[in-house]
Every structure is written in structure tokens, then in C-alpha cells.
Amino acid sequence: AALARSVAEAAAEAVASGGRFTLGLSGGSLVQLLARELPPALSAVPGSEPSRWLVAFCDERLVPPEHPESTGG
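Per an unreviewed UniProt entry, the recorded name for the chain is 6PGL phosphogluconolactonase, and the organism is Spizella passerina.

### Remarks on the side chain of Ser 48
With respect to the secondary-structure elements, Ser 48 resides in the loop between α2 (29-44) and β2 (53-57). Exposure remark for Ser 48: the relative accessible area of 2% places this residue in the buried category. Reaching out from Ser 48, the side chain makes a polar contact with the backbone oxygen of Val 45 at a distance of 3.2 Å. Other than its neighbours up to four places away in sequence, Ser 48 contacts Ala 8, Ala 11, Ala 12, Val 15, Leu 42 and Trp 53.

### Let's talk about the nonpolar core
By size, the foremost hydrophobic cluster in this structure holds 15 residues, and its most contacted members are Val 7, Phe 21, Leu 23, Leu 38 and Trp 53. Within the residue set of this core, elements represented by two or more residues are α1 (2-18), β1 (21-25) and α2. Top element by residues in this core is α1. It accounts for six residues. With sequence-adjacent residues up to four places away left out, Val 7 is seen in contact with Phe 21, Leu 23, Leu 38 and Trp 53.

Rules of the game
Residues numbered from 1 in each chain as written. Predicted model: local features only at pLDDT ≥ 70, side-chain atom pairs only at ≥ 80, totals over all residues. Heavy atoms only, no water. Helix = DSSP H or I, 4+ residues; strand = E, 2+ residues; numbered from the N terminus. Buried < 20%, exposed > 50% of the residue type's maximum accessible area, 1.4 Å probe, protein only. Polar contact = N/O pair within 3.5 Å; in protein donor to acceptor, adjacent residues only side chain to side chain. Contact = heavy atoms within 4.5 Å. Core = buried A, V, L, I, M, F, W, Y, C linked by side-chain atoms within 4.5 Å.

Dropping the structure here:
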């Protein structure tokens, strides 16, 4: 929850100062954690504006997108 809140706060600051927030995720349990914890954190932080985000995924394991362990999946 603390990580999600930190991401939401960084997003709000970026949107307020530059108009866009960029987030890169490497995969693993981090994606699942943020998928669970980020929505409530965004509700608690005004101005985080997910529509102003650019999210990039990187899957260092080089598995196809349809693979069960793919970050994109």
C-alpha cells in the first residue's frame, strides 16, 4: 500500500508540474501488487489523473505475451 501511495503522489506531482506521469514496470509480483493496491491509492490522492500516465512494460524473461508469466498478460 505504501508503494502504491508513493506512485500516486509522484503521479500527482508530475501531472501538476508537467502534465504527464511516466511509469516503467519490469514485471513479476510488482505488477500484481500495483494492480491490487493502486486503485485505492489513486482515490486517496487528488490530481493523480491516470489518463495522463504513460505506462511501459518490460518483460526481461522474453516470454510471448500469451505466456502465463508474461508481464503483458
